[in-house]
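Spelled out from the first residue to the last, the chains are:
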Number of protein chains: 2
Amino acid sequence: MNRQVYTALLHYPIIDKNNLLVSTSVTNLDIHDISRTSRTYGIAGYFIVTPIEAQHWLVGRIIKHWNTGWGSTYNSNRKDALSLARVVSDIATLVEQVQEETGQHPLLVGTSAKCYPNSTSYEQLRSQLKSDGPPVVLVFGTGWGLHPELLLECDYILEPIWGTGDFNHLSVRGAVAIILDRLLAKDRPALDAVNEMKKD
Amino acid sequence: MNRQVYTALLHYPIIDKNNLLVSTSVTNLDIHDISRTSRTYGIAGYFIVTPIEAQHWLVGRIIKHWNTGWGSTYNSNRKDALSLARVVSDIATLVEQVQEETGQHPLLVGTSAKCYPNSTSYEQLRSQLKSDGPPVVLVFGTGWGLHPELLLECDYILEPIWGTGDFNHLSVRGAVAIILDRLLAKDRPALDAVNEMKKD
């Protein structure tokens with residue numbers, strides 16, 4: 001890929017099942033699973049976004065355990081993945097950090113289980129990511145999804161994931177995995193072709 | 001899709017980080033995440049496979065909470081997803097149950113982070129699933145993956161998920177999401193085409 005791509009998991013501003021604005025709690029598995037998926041797809045950094053100070057301490061402790069603590073010797077792959085994770089208070093701080101790292105103002109791409117008239121398709125964004133341009137942050141929501149006020153701040157909104165029916169209540173961990181695979185998986189010869197090549 | 005497709009998450013026979021045979025513990029989030037992904041992609045049933053009796057009781061309690069207990073009224077989408085989940089002791093029992101439900105002996109498709117000479121590609125399996133034939137069970141491992149003895153019992157082994165580099169340590173929740181999306185996501189007109197059609 002030609003662009004730096006970042007992932008961000010938001011815990012505020014989020015909507016709950018009654019469409020009310022809430023802040024959600026960080027969960028340990030969201031740190032691990034999304035770090036591992038991010039590392040698999042060459043993501044430049046994974047932001048865990050929460051305004052709650054006590055959760056910064058918690059996330060910091062988990063990351064430290066795997067990066068420099070006992071976990072780092074127990075499982076070096078996990079260290080490799082968790083080294084992408086960092087915690088920030090809000091989207092503005094995230095934008096600042098990406099700007100410092102890359103020297104460019106990033107584009108924000110929101111994700112949602114709903115379709116909007118101006119939603120961007122996977123094909124469109126995939127081909128955009130292959131061309132040169134500013135860094136891109138893929139923004140994911142917890143709870144019942146990103147608050148509309150945040151989606152309005154995004155430069156693009158990615159179309160929902162269509163399964164085979166009308167059920168679209170994936171976990172955010174599943175959604176991140178599918179979206180990174182759709183956007184970033186290598187174009188590669190099909191396995192048939194690879195096997196044919198091996199025979200030559 | 002034309003075939004009945006099932007998912008199975010194995011907790012035995014599994015290998016640990018030292019390649020030793022182990023039995024792993026069922027985790028709550030594996031039940032939830034993989035049920036939700038399975039439901040999204042039209043899976044006929046999701047088997048949680050463990051020989052440990054005490055874990056059957058635990059899984060049964062969790063499923064009951066969401067299917068008929070308090071959870072069923074709190075979140076009906078979760079009930080919808082969790083209704084796919086069932087727990088069995090081993091692969092033989094799983095095969096029997098699928099045979100009872102469908103009247104046909106299922107094909108077992110193993111998954112692995114390693115590539116084998118006879119691995120099946122996503123393209124091959126995707127097109128096979130579209131044609132008529134016996135039901136298919138996609139078998140996923142916990143821990144460090146399915147024990148080789150189990151892979152040998154499978155009719156096919158699916159090729160690994162290629163990310164963008166050499167890191168392939170996805171969580172099983174992430175791997176299931178990506179694999180079901182690659183195999184079962186609807187062929188559909190790109191969003192551009194849909195938007196064009198809407199304008200007409």
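Residues numbered from 1 in each chain as written. Chains lettered and ligands numbered in written order. Predicted model: local features only at pLDDT ≥ 70, side-chain atom pairs only at ≥ 80, totals over all residues.

A. Up close: the interface of chain A and chain B. Contacts between the two partners involve 38 residues from chain A and, on the opposite side, 39 residues from chain B. Among the secondary structure elements, those contributing two or more residues to the side of chain A that touches chain B are α1 (28-40), α4 (76-82), α8 (172-184) and α9 (191-199) of chain A. Looking at which element gives the most residues to the side of chain A that touches chain B, the answer is α1(A), with seven residues. Here the side of chain A that touches chain B is composed, by residue class, of 13 nonpolar, 14 polar and eleven charged. (Contact = placed C-beta atoms within 7 Å. Helix = DSSP H or I, 4+ residues; strand = E, 2+ residues; numbered from the N terminus. Nonpolar A, V, L, I, M, F, W, Y, C, P; charged D, E, K, R; others polar.)

B. Looking closely at the environment of B:Leu158. All names here are of chain B. With respect to the element layout, Leu 158 can be found in strand β8 (residues 156-158). Residue Leu 158 is classed as buried on the basis of its 24 C-beta neighbours within 10 Å. For the pair Leu 158 and Ala 44, spaced 114 residues apart in sequence, the C-alpha separation works out to 20 Å. Residues contacting Leu 158, with those up to four places away along its chain left out, are Val 109, Gly 110, Thr 111, Ser 119, Thr 120, Leu 125 and Ile 179. (Buried ≥ 20, exposed ≤ 12 C-beta atoms within 10 Å, placed from the backbone.)

C. How the structure looks around the relation of the copies chain A and chain B. The operation relating chain A to chain B is a screw motion whose rotation component is 180°, with 0.0 Å of axial translation and a residual RMSD of 0.0 Å. Considering both components of the superposition, the chain copies are consistent with a two-fold axis. Comparing contact sets, 100% of the residues at the interface of chain A also lie at the interface in chain B, consistent with an isologous, same-surface contact. (Least-squares fit on C-alpha atoms with pLDDT ≥ 70 in both.)

D. Representation of the sheet that holds β8(B) within the structure. Residues and elements named next belong to chain B. Pairing is parallel in the open sheet, where six strands are placed in the order β5-β4-β1-β7-β6-β8. Taken across any chain shown, the strands that pair with only one partner, and hence form the sheet edges, are β5 (85-88) and β8. This sheet shows a mean twist of 25° between the axes of neighbouring strands, independent of strand direction. (Pairing = 2+ DSSP bridges. Axes fitted to C-alpha atoms, helices over the stretch in contact; angles between N-to-C directions.)

E. Region of interest: the packing of α1(A) against α8(A). Residues and elements named next belong to chain A. One way to put it is that α1 packs onto α8 with a least axis distance of 10 Å and a crossing angle of 5°. By the angle class used here, α1 and α8 are roughly parallel. Only Val 172, Arg 173, Val 176, Ala 177 and Leu 180 of α8 make contact with α1, whose side of the interface consists of Asp 30, Asp 33, Ile 34 and Thr 37. By residue class, the composition of the contact of α1 with α8 is five nonpolar, one polar and three charged. (Parallel < 35°, antiparallel > 145°, perpendicular 65-115°, else oblique.)

F. Region of the structure containing helix α5 (residues 91-102) of chain B. Residues and elements named next belong to chain B. Taking 1.5 Å as the rise per residue, α5 with twelve residues should run 16 Å; its terminal C-alpha atoms sit 16 Å apart, in good agreement. Listing the buried residues of α5 in full gives Ile 91, Leu 94 and Val 98. Projection of α5 onto a plane perpendicular to its axis shows the buried side chains occupying an angular sector of 55°, all on one side. In α5, the exposed positions angled more than 90 degrees off the buried face are occupied by Ala 92 and Glu 100. For α5, the elements touching its buried residues are β1 (5-10), β4 (45-49), β5 and β7 (136-141). Positive backbone phi, at 80°, marks Gly 103, one or two positions downstream of α5. (Expected span 1.5 Å × (residues − 1). Arc of directions from axis to C-beta.)

G. Spotlight on α8(A). All names here are of chain A. Taking 1.5 Å as the rise per residue, α8 with 13 residues should run 18 Å; its terminal C-alpha atoms sit 18 Å apart, in good agreement. Burial analysis of α8 places twelve of its 13 residues in the buried class, which makes it a mostly covered element. Buried residues of α8: Val 172, Arg 173, Gly 174, Ala 175, Val 176, Ala 177, Ile 178, Ile 179, Leu 180, Asp 181, Leu 183 and Leu 184, and no others.

H. The pairing of β4(B), seen in detail. Residues and elements named next belong to chain B. Judged by how many residues are buried, β4 sits mostly within the fold: five of five residues are covered. Side chains Gly 45, Phe 47 and Val 49 of β4 all project onto a buried face; the interleaved residues Tyr 46 and Ile 48 project onto the opposite face, where all are buried too. Judged from the five bridges that link them, β1 and β4 form a sheet pairing that is parallel. Considered in β4, the bridge of Ala 8 is made with Phe 47. Alignment of β4 against β5, held across four bridges, turns out to be parallel. Note that in β5 the partner of Phe 47 across the bridge is Arg 86.

I. Quick peek at the sheet that holds strand β8 (residues 156-158) of chain A. All names here are of chain A. With respect to topology, six strands assemble into an open sheet ordered β5-β4-β1-β7-β6-β8, the strand pairing being parallel. If you trace the sheet from one side to the other, it starts and ends with β5 (85-88) and β8, each paired once. Within this sheet the neighbouring strands show an average axis-to-axis angle of 25°, counted without direction. Together, β1 (5-10), β6 (107-111), β7 (136-141) and β8 form the strand contacts of α8, whose direction differs from that of β7 by roughly 155°.

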